[in-house]
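Okay, here's what each chain looks like letter by letter:
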Amino acid sequence: MGEYIELYNYTTEDMPLKGWAITDYVSRYEFPQNAVIKAGEFIVVVYRGPGQPDYFNSFFPNNPGTANQIFYQDKIMLNNLREEVSLLMGYVRGVNCKNKVLQKVAWGLYNGGFNILLDNYWEQGSNNVSTFDFYVSSFHLLGENLYGINPADPLESSYVPETQDLEDIPQVQEALTDVLTDFTWDIYSETLLNTICNVSINDVEQLPSDTYSTTGKCFNYDSSGNNESAVDCAPPAPTIPTSSSEYTSEEMEDFSALIVLAPNPTSSTITATWSGTILGKITEMQVANTSGVSLSVLSIAPSDNSALINLTSRPTGIYIVKFILDSGQFISKNVIKL
């Protein structure tokens, strides 16, 4: 009773904990949707069984913290003899990191010693865990990748990690990159299109002064999507023949797995390659930004099995690569420009 898990925010920004969770060997506690851990501050996650008094403030009357820094839960009761506790990331700057592990610590009593998991290997300790009163002494971070026993002092610590920008933390970088590589226009288009920004833009009507030909006007854009010029359109291109029927969803999944984009992320160019049953079925490759502005279109011959995507002059961000099939269907993949 009265045991707690202490977390410290060593980033430069307040961190909403929507979707964040703590797990041990057998249980999981998920933070409230509106929970926040402020920059440079602690929170404690306290075990309190159903119907039990507030033992935490009984054991630690001189340092109870404030109400918004104490989170009571009845899911996780730590095992002093053998345990593994993980902090799982939820939403980070609005992106769901899908419970990637941010921090993990484990301990166990083996061969009479107190063993600690550091950097994925067990380090043999010299102390016997049975000598510790965990209401007086607690398991603490004592330095970078160094754990040990220190006096229990909720919402305080003799050591805290050096302050970092959120994007400089390797686990956060990895989680965000993994999520972004799964991002496709098909999946998130409805959400993006239905997002309303609180920005008012004046409606300005501009009428072109050019004389239109029977084929109409076509417009050229720079890399930012700004109109540069208007020219008479060329005659319509011949219609690309399509197969008599569409491919099944299972076939489309197989085709998608056969298309490989590498390297991804990239700072310059990416090579798209394909093989197997999709050979001869791709007729066109299109590259667009996440606003839907087309940046390039490349016709693919039946004998082709690769194509080059050049993003050297493009700004950093996500780009959507769409492969048009002979059935009129398409497969989209995304790439990240660093």
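Thresholds applied
- Residues numbered from 1 in each chain as written.
- Predicted model: local features only at pLDDT ≥ 70, side-chain atom pairs only at ≥ 80, totals over all residues.
- Heavy atoms only, no water.
- Pairing = 2+ DSSP bridges.
- Helix = DSSP H or I, 4+ residues; strand = E, 2+ residues; numbered from the N terminus.
- Axes fitted to C-alpha atoms, helices over the stretch in contact; angles between N-to-C directions.
- Contact = heavy atoms within 4.5 Å.
- Polar contact = N/O pair within 3.5 Å; in protein donor to acceptor, adjacent residues only side chain to side chain.
- Buried < 20%, exposed > 50% of the residue type's maximum accessible area, 1.4 Å probe, protein only.
- Phe/Tyr/Trp six-rings, centres within 6.5 Å; stacked < 30°, edge-to-face > 60°.
- Lys NZ or Arg CZ within 6 Å of the ring centre and 35° of its normal.
- Salt bridge = Lys/Arg side-chain N within 4 Å of Asp/Glu carboxyl O.

(A) Broad picture of the sheet that holds strand S23 (residues 317-325). With antiparallel pairing, the four strands of this open sheet are ordered in space as S21-S20-S23-S24. If you trace the sheet from one side to the other, it starts and ends with strand S21 (294-299) and strand S24 (330-337), each paired once. On average, each strand axis in the sheet is inclined to that of its neighbour by 20°, with strand direction left out of account. The pairing of S23 with S24 spans eight bridges and is classified as antiparallel. If you follow lysine 322 over to S24, its bridge partner there is serine 332. Across the sheet, helix H4 (residues 249-258) is in contact with S23 and S24; its angle to S24 comes to roughly 30°.

(B) Here's a closer look at the side chain of glutamine 73. Its place among the elements puts glutamine 73 in strand S7 (residues 70-73). Of note is the side chain of glutamine 73, whose polar atom sits 2.7 Å from the backbone nitrogen of isoleucine 76. Those residues in contact with glutamine 73 that sit more than four places away from it in its chain are Tyr29, Val45, Val46, Tyr47 and Arg48.

(C) Spatial organisation of the sheet that holds strand S6 (residues 42-47). With respect to topology, three strands assemble into an open sheet ordered S1-S6-S7, the strand pairing being mixed. A strand with exactly one partner marks an edge of an open sheet, and here the two such strands are strand S1 (4-8) and S7. Shown here is a sheet whose adjacent strand axes are inclined to one another by a mean of 20°, direction ignored. Summarising the sheet, S6 and S7 pair through four bridges and their orientation is parallel. Counted as the bridge partner of valine 46 is tyrosine 72 from S7.

(D) How the structure looks around the side chain of glutamine 69. Here glutamine 69 is to be found in the loop between helix H1 (55-59) and S7. Look at glutamine 69 and you get buried, because its relative accessible area is 15%. Among the polar contacts made by the side chain of glutamine 69, one reaches the main-chain carbonyl oxygen of phenylalanine 42 at a distance of 2.7 Å. With residues up to four places along the chain from it excluded, the contact list for glutamine 69 reads Glu41, Phe42, Ile43, Val44 and Leu155.

(E) Up close: the packing of aromatic side chains. Under the defined criterion, the tally for this structure stands at eight aromatic pairs. Aromatic side chains tyrosine 29 and phenylalanine 31 sit 5.2 Å apart centroid to centroid with 65° between the ring planes, which places their arrangement in the edge-to-face category. These aromatic residues form a ring-pair network of at least three members: Tyr4, Phe56 and Phe60. Stacked on the ring of phenylalanine 330, the Lys or Arg lysine 322 has its end atom at 4.2 Å from the ring centre.

(F) Just the pattern of salt bridges, in detail. Summed over all chains, the structure comprises three salt bridges. Residue glutamate 13 pairs with arginine 93 through a salt bridge whose shortest N-O separation is 2.7 Å. Residue glutamate 13 is found in the loop between S1 and strand S2 (15-16), and its partner arginine 93 is found in the loop between strand S9 (91-92) and strand S10 (95-96); the two are separated by 80 residues along the sequence. Residue class for arginine 93 comes out exposed when judged on its relative accessible area of 52%. Notably, a salt bridge pairs arginine 28 with glutamate 30, separated by 3.2 Å at the nearest N-O pair. Among the residues examined, glutamate 30 registers a relative accessible area of 39% and is labelled partly exposed. Through salt bridges with shared partners, one network takes in Glu13, Arg93 and Glu167.

(G) Highlighting the environment of valine 46. The residue valine 46 is located in strand S6 in this model. Sequence separation between valine 46 and isoleucine 70 is 24 residues, and the spatial gap between their C-alpha atoms is 6.9 Å. Ignoring any residue separated from it by four or fewer positions in sequence, one finds valine 46 in contact with Glu3, Tyr4, Phe56, Ile70, Phe71, Tyr72 and Gln73.

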